Amino acid sequence: MTTTLQLSEKTLADIARNIAKYPPEQKQSAVMAALIAAQTEIGWVSPEVIETIANILEMPTIAVDEVATFYNMYDTKLVGKYKLVICTNLPCQLTHGETAATHLKETLGIGFNETTPCGTFTLKEGECMGACGDSPVMLVNNKHMCSFMSNEKIDALLNDLRAEGKSA
Ligand code: FES
């Protein structure tokens, strides 16, 4: 049986704030926000995170697991410090998306769903981010959208993130 985690006060408060948005009998509606809050603290959605959220929301563990494995913003495996998601859907593919994906793979020396040996970067394919006209587009750690990512801009971004990672 999977054990649960003791989440921080901040994370629990965040989850409670989201639960309060719904009627008490529908607190399960806060599952997506709760998973994000826990992932932000723990770094990924581990089996323990899923069990913990299920307990808090009084949901079957399998129901939380289904949500966590359906949406690609949840990391159900450990990822690097920076998760880079590049859109590989057709509109982006037709506008240099493939070039950017190839450049990322070659520069980082990894394929999709892999993490650099140093643990700094994880590369993933993403679905349409609603910014097809800005292709190639990338999302960093689920929050920071990067548009028109030429190879030069990708190199600059990677350098910035490496520097940020070292100084953190
Ligand atoms: S297809 Fe890439 S953002 Fe829409």
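An unreviewed UniProt entry lists the protein chain under the name NADH dehydrogenase subunit E, with Polynucleobacter meluiroseus given as the organism. Under the heading Catalytic activity (unreviewed entry), UniProt records this for the protein chain: "a quinone + NADH + 5 H(+)(in) = a quinol + NAD(+) + 4 H(+)(out)".

Engineer: Hey, could you go over the overall build of the protein chain for me, with residue numbers and the actual values?
Structural biologist: Along its length, the protein chain carries six helices and five strands. Mapped from its N terminus to its C terminus, the protein chain presents α and β elements in the order α-α-α-α-β-α-β-β-β-β-α. C-alpha atoms of the protein chain, sized along the principal axes, occupy 50 × 35 × 25 Å. As presented, the protein chain carries roughly 9,200 Å² of accessible surface, and 55% of it is formed by carbon and sulfur atoms. A gap of 5 Å separates the mean positions of the 13 positive and 20 negative side-chain charges of the protein chain.

Engineer: Before we move on, can you summarise the sheet that holds strand 2 (residues 114–115) with the specific residues and values?
Structural biologist: Taken in spatial order, the five strands make up an open sheet running 2-3-1-4-5, and their pairing is mixed. Looking at strand neighbours, the two that pair on one side only are strand 2 and strand 5 (144–146), the edges of this open sheet. Looking at chain direction, strand 1 (residues 82–87) and strand 4 (residues 138–140) are connected through three bridges and run antiparallel. Pairing of Ile86 across the sheet is with Met138, part of strand 4. Docked against the sheet, helix 5 (residues 90–108) engages strand 1, strand 3 (121–126) and strand 4, running at close to 150° with respect to strand 1. Across the face of the sheet, helix 6 (residues 151–167) comes into contact with strand 1, strand 3, strand 4 and strand 5 while running at roughly 165° to strand 1.

Engineer: Please set out the pattern of salt bridges residue by residue, giving values where relevant.
Structural biologist: Within this structure, the stated rule accounts for four salt bridges. Linking Asp14 and Arg17 is a salt bridge whose minimum nitrogen-to-oxygen distance equals 3.3 Å. Residue Asp14 and its partner Arg17 are both found in helix 1 (residues 9–19); the two are separated by three residues, about one turn of the helix. Lys27 is paired through a salt bridge with Glu58; the nearest N and O atoms lie 3.4 Å apart. Of this pair, Lys27 sits in the loop between helix 1 and helix 2 (31–42) while Glu58 sits in the loop between helix 3 (47–57) and helix 4 (61–70), and the two are 31 residues apart along the sequence. Taking relative accessible area as the criterion, Lys27 reaches 19% and is therefore assigned buried.

Engineer: Which residues make up the packing of helix 1 against helix 2, and what values do they have?
Structural biologist: Packing of helix 1 against helix 2 brings their axes to within 9 Å, and their N-to-C directions diverge by 170°. Classified by the interaxial angle, the pair formed by helix 1 and helix 2 is roughly antiparallel. Residues Thr11, Asp14, Ile15 and Asn18 of helix 1 form the contact with helix 2, whose participating residues are Ala33, Ala34, Ala37, Ala38 and Glu41. In terms of residue class, the contact of helix 1 with helix 2 is built from five nonpolar, two polar and two charged.

Engineer: Just give me the short version of the side chain of His103, but keep the residues and values in it.
Structural biologist: Take His103: it is sitting in helix 5. A relative accessible area of 15% places His103 in the buried class. Among residues more than four places away in sequence, those in contact with His103 are Asn151, Ile154 and Asp155.

Engineer: An account of helix 2 is requested, with residue identities and associated values reported.
Structural biologist: The terminal C-alpha atoms of helix 2 lie 16 Å apart, and with twelve residues this matches the ideal 16 Å at 1.5 Å per residue to within 8%. Three or more residues of helix 2 are buried, namely Val31, Ala34, Leu35, Ala37, Ala38 and Gln39. If you follow the buried residues of helix 2, they end up packed against helix 1, helix 3 and helix 4. Positive backbone phi, at 105°, marks Gly43, one or two positions downstream of helix 2.

How each quantity is defined
Residues numbered from 1 in each chain as written. Predicted model: local features only at pLDDT ≥ 70, side-chain atom pairs only at ≥ 80, totals over all residues. Heavy atoms only, no water. UniProt positions renumbered as here; feature names shortened; annotations may be inferred. Helix = DSSP H or I, 4+ residues; strand = E, 2+ residues; numbered from the N terminus. Areas by Shrake-Rupley, 256 points an atom, 1.4 Å probe, with all protein chains shown as cover. Lys, Arg positive; Asp, Glu negative; His and termini not counted. Charge placed at Lys NZ, Arg CZ, Asp CG, Glu CD. Pairing = 2+ DSSP bridges. Contact = heavy atoms within 4.5 Å. Axes fitted to C-alpha atoms, helices over the stretch in contact; angles between N-to-C directions. Salt bridge = Lys/Arg side-chain N within 4 Å of Asp/Glu carboxyl O. Buried < 20%, exposed > 50% of the residue type's maximum accessible area, 1.4 Å probe, protein only. Parallel < 35°, antiparallel > 145°, perpendicular 65-115°, else oblique. Nonpolar A, V, L, I, M, F, W, Y, C, P; charged D, E, K, R; others polar. Expected span 1.5 Å × (residues − 1).

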